[in-house]
Amino acid sequence: MAVTIEELYRNYGILADAKENLSQHKDAYQAILDGVKGGPKEKRLAAQFIPKFFSSFPELADAAINAQLDLCEDEDVSIRRQAIKELPRFATGENIFRVADILTQLLQTDDTAEFNQVNTALISIFKMDAKGTLGGLFSQILQGEDIVRERAIKFLSTKLKTLPEDVMTKEVEDYVFAETKKVMEDVTGEEFVLLMRVVSGLRVLQSVNGRQQLVELVVEQADLEQALNPADPDAVDRLLQCTRQALPLFSKNVHSTRFVTYFCEHVLPNLSTLTCPVAELDIQLEVLKLLAEMSPFCGDMEKLEANLSTLFTKLVEFMPLPPEEVENGENSASEEPKLQFSYVECLLFSFHQLGKKLPDFLVDKVDAERLKDFKIRLQYFARGLQVYIRQLRVALQGKTGDALKTEENKIKVVALKITNNINVLIKDLFHNPPSYKSTVTLSWKPVQKPEAAAPKRPSGEEMGSGANTKKQIMPLPRRDARQIYNPPSGKYSASIGNFNYEQRGGFRGGRGRGWGMRGNRSRGRIY
């Protein structure tokens, strides 16, 4: 016979009045547990009364938790929410892991209010015992249903960074890193990005040694020991995602050498045959931008000369020879070669950075005929460059404020940045011997402000036009803006796309190391 509302209140009164003698009223507490078998009103009361006296009846702990779980799975959403709200009160001692595990499984709900209630409950028990809570979360990430795993990882990626230092202690952060490494043995691309967000935010990994550990983690996922299959979009996708995750970690103390080496040895030779994993992405430019961003942080390279030679060969490919002239001095071709400024900026910058490590490369390592050919190409490119720089300066002359914020003028500002960068780098290479001393900021990256430097009068090339320098810098795009400047026949292309590659989904297909569908895990609830 089901317990009535009156019986629930009567037994609650017995327990409330018992005070120190609570443990003597086991029957009254059992009657409250039986309330989960009643109607909606009885269940709502039971959801509130069970946790209130839970700690006084350790011998009924399992029965009490199971009764509350029945309410967490009730068909009535209001009963479920009430039961979930009270779950943190069961999170004492050895029960913390079990409660965290249960709450993690409850993340699979599609009811927004209920989902928020679960999130609130998880945060609540985090503050009681962070390591125990993480144990429950990682247990489900490693063994639970796909939907539970996905939402648990998202929970960690968004909520951990909001917790204070007294909760996220060094011991707790070390535990997060150790467990994350286990999870990364079998992940999808989207999971990898989210988990990197989790570990990259850990305070314990903000040191040089910590960032080096993160780079090692990415290197393992990138599988740099294997040759790249340019026809496999998943392999290309994996490499791009891993490189993007590693980029913010590189510095003068944390080197990008393995990635730069891999790009030179496996990616550049296959640049034209790379299969694009994302629609509307210029895969060649994406790769060249990544290489350019990594190159300043490259350390000592074993095969420096060979890799510089590969980079040099690729640079020459993108720098056309001048068209042949007929007897009357006019060009025989109806169209002049296309100057691909965005690609050349990346390649020149990368070559300039690695060239610093072997400054006699163009003097001693390149034969005379090849060097002569290169200088002819450089000269032709430089002439075309000057034409576009003049056109851009005239187009931007006198424009300030809102006038520079139009889409057309934004493109021209970026184009001026690209062409000025190339101009500076070409001048360095024209020195005899070639120089590698100039410094430029890649066109898609924000300009770094010098620290308390004395005001310096910028050169004409740096200014681009007579407008104030700051006004020229303001419209530059964000780092993730994928803008290409490649004006055909002296005109400015208006069809320039902005792509945020990092937000374009995960990895497809069943591949080794789990960068697609993960391996089979046990299914079913494990309350």
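Residues numbered from 1 in each chain as written. Predicted model: local features only at pLDDT ≥ 70, side-chain atom pairs only at ≥ 80, totals over all residues. Heavy atoms only, no water.

The name given to the protein in an unreviewed UniProt entry is Apoptosis inhibitor 5, with Cyprinodon variegatus as the source organism. UniProt, in the comment section headed Subcellular location (unreviewed entry), describes the protein in these words: "Nucleus". Quoted verbatim from the Sequence similarities (unreviewed entry) field of the UniProt record, the comment on the protein reads "Belongs to the API5 family." (UniProt positions renumbered as here; feature names shortened; annotations may be inferred.)

Assigned secondary structure in the protein consists of 22 helices and zero strands. Out of the 527 residues belonging to the protein, those deemed buried represent 50%. For the protein, long-range pairs separated by at least 24 residues make up 74% of all intrachain contacts whose partners lie at least 6 apart in sequence. (Helix = DSSP H or I, 4+ residues; strand = E, 2+ residues; numbered from the N terminus. Buried < 20%, exposed > 50% of the residue type's maximum accessible area, 1.4 Å probe, protein only. Contact = heavy atoms within 4.5 Å.)

With that out of the way, let us pick up the pattern of salt bridges. Counted by the stated rule, this structure contains 23 salt bridges. The partner of R258 in a salt bridge is E216, and the shortest N-O contact between them spans 2.6 Å. Of the two residues, R258 sits in helix α14 (residues 257–267) while E216 sits in helix α12 (residues 208–222), which places them 42 residues apart along the sequence. Taking relative accessible area as the criterion, E216 reaches 35% and is therefore assigned partly exposed. Here R244 and E286 are joined by a salt bridge, their closest N and O atoms 3.5 Å apart. On the criterion of sequence distance, the pair formed by R244 in helix α13 (residues 233–246) and E286 in helix α15 (residues 283–294) is long-range, its members being 42 residues apart. Like E286, R244 is buried. Look at the salt bridges and you will find they share partners, linking R244, E286, E293 and K445 into a network. (Salt bridge = Lys/Arg side-chain N within 4 Å of Asp/Glu carboxyl O.)

Its 12 residues give α15 an end-to-end C-alpha distance of 17 Å, which sits within 8% of 16 Å, the value for a rise of 1.5 Å per residue. Of all 12 residues in α15, 11 are buried; the element is thus mostly enclosed. Those residues of α15 not exposed but buried are I283, L285, E286, V287, L288, K289, L290, L291, A292, E293 and M294. Looking at the packing, one finds that the buried side of α15 touches α13, α14, α16 (304–317) and α17 (341–355). (Expected span 1.5 Å × (residues − 1).)

This brings us to the packing of helix α3 (residues 40–52) against helix α5 (residues 77–86). Taken N-terminus to C-terminus, the directions of α3 and α5 make an angle of 5 degrees; their axes are 9 Å apart at the nearest point. The orientation of α3 with respect to α5, classified from their angle, is roughly parallel. Every residue of α5 that contacts α3 at P40, K43, R44, A47, Q48 and P51 is listed here: S78, I79, Q82, A83 and E86. Of the residues in the contact of α3 with α5, the class split is five nonpolar, three polar and three charged. (Axes fitted to C-alpha atoms, helices over the stretch in contact; angles between N-to-C directions. Parallel < 35°, antiparallel > 145°, perpendicular 65-115°, else oblique. Nonpolar A, V, L, I, M, F, W, Y, C, P; charged D, E, K, R; others polar.)

Across all of its chains, the model carries 15 aromatic pairs by this definition. Taken together, the ring pairs in this structure connect Y9, Y12, F49 and F53 into an aromatic cluster. (Phe/Tyr/Trp six-rings, centres within 6.5 Å; stacked < 30°, edge-to-face > 60°.)

Before going further, it helps to examine the nonpolar core. Counting residues in each nonpolar core, the largest one holds 159 residues, and the members touching the most others are Y29, I50, L103, F351 and L362. A total of 11 residues in this core trace back to one element, the largest contributor, which is helix α19 (residues 368–396). Those residues in contact with Y29, other than ones at most four positions away along the chain, are L15, F49, I50, F53, F54, F57, L60 and A64. (Core = buried A, V, L, I, M, F, W, Y, C linked by side-chain atoms within 4.5 Å.)

Among the structural elements, E179 can be located in helix α10 (residues 170–183). Of the polar contacts made by the side chain of E179, one reaches the side chain of K182; its length is 2.9 Å. Ignoring anything within four residues of it in the chain, the contact list for E179 reads F138 and L142. (Polar contact = N/O pair within 3.5 Å; in protein donor to acceptor, adjacent residues only side chain to side chain.)

With that settled, the discussion passes to the packing of helix α11 (residues 189–200) against α12. Relative to each other, α11 and α12 sit at 170 degrees, their axes nearing to 11 Å. By the angle class used here, α11 and α12 are roughly antiparallel. In the crossing of α11 with α12, the sense of the turn from one axis to the other is right-handed. On α12, the residues touching F192, M196, V199 and S200 of α11 are L214, L217, V218 and Q221. (Left-handed = near helix turned anticlockwise from the far one by under 90°.)

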